[in-house]
Amino acid sequence: MTVTLEVSDNIGTIRLDRPPMNALDVAVQDRLRELAEEAGRRDDVRAVILYGGEKVFAAGADIKEMQEMDHTAMVVRSRALQESFTAVARIPKPVVAAVTGYALGGGCELALCADFRIAGDNAKLGQPEILLGLIPGAGGTQRLARLVGPSRAKDLIFTGRQVKADEALAIGLVDRVVPAAEVYEQARAWAARLAEGPALALRAAKESVDAGLETDIDTGLTIERNWFAGLFATEDRERGMRSFVEEGPGKAEFL
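Residues numbered from 1 in each chain as written. Predicted model: local features only at pLDDT ≥ 70, side-chain atom pairs only at ≥ 80, totals over all residues. Heavy atoms only, no water.

J.: Which parts of the structure should I look at to understand the environment of Pro-150?
T.: With respect to the element layout, Pro-150 can be found in helix α6 (residues 150-159). For Pro-150, a relative accessible area of 53% gives the class exposed. (Helix = DSSP H or I, 4+ residues; strand = E, 2+ residues; numbered from the N terminus. Buried < 20%, exposed > 50% of the residue type's maximum accessible area, 1.4 Å probe, protein only.)

What follows is the structure in structure tokens.
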């Protein structure tokens, strides 16, 4: 399989495995969507890691496959492409991208779908589609601008240049840089901490932030208010507050 979902200790790792560069062809895109939806449904998955292996995250789309597509074919395929990445972005659980080596084009766009990005010191990220006479088509023009701001996003998209890990950290494209050999271990530590947290509250927090960014602040505050009040009906809220009162902060154990 070109993409797999491996689950252990309530952490699901969605692993790209299409050597040598994890090119994101149609089969990989469709499989990503299937596994993202599965990870979202499974009760034994409470946090997710996106990982391409020790050497490369994903170097982008399969250009040879795309070259064979005409306008009509891409009108049909472009929706499925975006929906595959959106399925990853909408996993209702914490998601971390563990980025080693190249994360270019679709690979960068896949990393943008995560909530947090840990990059190896050997990472190179970018949106080089302009060099093909194209623009990003899997969310890059939208998610990148929301993450790093429109000016920086336009710089990367207009030039197609690659940024190394230190610059990616400086502009907010990644959140942490670690030695390449430690990327997966660090991503797993991040995921493990959140896998022990209150699942419904984490889901509420993720949806409130993501949905709020797509609307005006008044609507965003309404989303937040509704989720906040709704969590008072959950066992996790009862457990968390009871533990705080009886034992002090940070000691609650959630199911």
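J.: Looking at this model, I keep getting lost on the sheet that holds strand β5 (residues 102-104). Mind explaining?
T.: The mixed open sheet is built from three strands, whose spatial order is β5-β7-β8. Among the strands making up the open sheet, the edge pair consists of β5 and β8 (162-164). On average, adjacent strands in this sheet sit at an angle of 20° to one another, irrespective of strand direction. Where strand β7 (residues 124-126) meets β8, three bridges bridge the pair, whose relative direction is antiparallel. Among the inter-strand pairings, Leu-125 is bridged to a residue of β8, identified as Val-163. (Pairing = 2+ DSSP bridges. Axes fitted to C-alpha atoms, helices over the stretch in contact; angles between N-to-C directions.)

J.: Mind showing me how you'd approach the packing of helix α5 (residues 140-148) against α6 here?
T.: When two helices pack together, their arrangement is given by the angle between the helix axes and the distance between those axes. Between α5 and α6, the shortest axis-to-axis distance is 7 Å and the interhelical angle comes to 135°. The angle between the axes of α5 and α6 places the two elements in the oblique class. For the pair α5 and α6, the crossing hand works out as right-handed. Facing Gly-140, Thr-141, Leu-144, Ala-145 and Val-148 of α5, the residues of α6 in contact are Pro-150, Arg-152, Ala-153, Leu-156 and Ile-157. Broken down by class, the residue content of the contact of α5 with α6 amounts to seven nonpolar, two polar and one charged. (Parallel < 35°, antiparallel > 145°, perpendicular 65-115°, else oblique. Left-handed = near helix turned anticlockwise from the far one by under 90°. Contact = heavy atoms within 4.5 Å. Nonpolar A, V, L, I, M, F, W, Y, C, P; charged D, E, K, R; others polar.)

J.: Help me understand helix α3 (residues 71-89), please; the structure alone is not making it clear to me.
T.: Residues spaced three or four apart along an α-helix face the same direction, because each turn holds 3.6 residues. When the terminal C-alpha atoms of α3 are compared, their 27 Å separation across 19 residues agrees well with the 27 Å that a helix rising 1.5 Å per residue should span. Buried residues of α3: Arg-77, Leu-81, Ser-84, Phe-85, Ala-87, Val-88 and Ala-89, and no others. If you follow the buried residues of α3, they end up packed against α1 (26-41), β3 (47-51), α4 (106-112), α5 and α9 (199-213). Two or three places before Thr-72, at the opening of α3, Asp-70 has a side-chain oxygen 3.3 Å from that residue's backbone nitrogen. (Expected span 1.5 Å × (residues − 1). Polar contact = N/O pair within 3.5 Å; in protein donor to acceptor, adjacent residues only side chain to side chain.)

J.: Help me understand a negative patch on the surface, please; the structure alone is not making it clear to me.
T.: On the surface, a cluster of negative charge is made up of Glu-196, Glu-246, Glu-247 and Glu-253. Among the structural elements, Glu-196 can be located in the loop between α8 (183-195) and α9. Assessed through its relative accessible area of 60%, Glu-196 is described here as exposed. (Patch = residues over 30% accessible without salt bridge, like charges linked within 9 Å, V, L, I, M, F, W, Y side chains within 5 Å. Areas by Shrake-Rupley, 256 points an atom, 1.4 Å probe, with all protein chains shown as cover. Salt bridge = Lys/Arg side-chain N within 4 Å of Asp/Glu carboxyl O. Lys, Arg positive; Asp, Glu negative; His and termini not counted. Charge placed at Lys NZ, Arg CZ, Asp CG, Glu CD.)

J.: Can you help me understand the pattern of salt bridges in this one?
T.: Once their charged atoms are close, side chains differing in charge can pair, the charge on each being opposite to the other. Under the definition given, this model contains 14 salt bridges. Among the salt bridges present, the one from Arg-77 reaches Asp-30, with a minimum N-O distance of 2.8 Å. With Arg-77 in helix α3 and Asp-30 in helix α1, this pair connects stretches of sequence that are 47 residues apart. The class for Arg-77 is buried, based on a relative accessible area of 14%. For Arg-117, the salt bridge identified is with Asp-175, shortest N-O distance 4.0 Å.

J.: Is there a simple way to explain the packing of α9 against helix α10 (residues 217-230) in this structure?
T.: Running from N to C, α9 and α10 cross one another at 170°; their axes reach a closest spacing of 9 Å. As the angle between them shows, α9 and α10 are arranged roughly antiparallel. Here Ala-204, Glu-207, Ser-208, Ala-211 and Gly-212 of α9 lie close against α10, whose contacting residues are Gly-220, Ile-223, Glu-224 and Trp-227. Looking at side-chain class alone, the contact of α9 with α10 contains four nonpolar, three polar and two charged residues.

J.: Sorry if this is basic, but what is going on with the nonpolar core here?
T.: Soluble globular proteins tend to bury their nonpolar side chains together. Counting 46 residues, the largest nonpolar core has Leu-50, Phe-57, Leu-125 and Leu-173 as the members making the most contacts within it. Setting aside residues up to four positions removed in sequence, Leu-50 forms contacts with Ile-14, Phe-57, Val-88, Val-95, Val-96, Ala-97, Ala-98, Leu-110 and Ala-114. Judged by nonpolar contacts, the second largest core, of 14 residues, contains Ile-49, Tyr-51, Ala-98 and Phe-116. (Core = buried A, V, L, I, M, F, W, Y, C linked by side-chain atoms within 4.5 Å.)

J.: Please explain the sheet that holds strand β9 (residues 176-178) as it appears in this structure.
T.: Strand pairing in a sheet is mediated by backbone hydrogen bonds. Such pairs are either parallel or antiparallel. Read from one edge to the other, the open sheet built from six strands follows the order β1-β2-β3-β4-β6-β9, with strand pairing classed as mixed. Two strands in the sheet have a free side with no partner beyond their single neighbour: β1 (3-8) and β9. Adjacent strand axes in the sheet meet at a mean angle of 20° when their direction is disregarded. Direction of pairing for strand β6 (residues 116-120) relative to β9: parallel, over a ladder of three bridges. Across the sheet, residue Ile-118 finds its bridge partner in β9, namely Arg-176.

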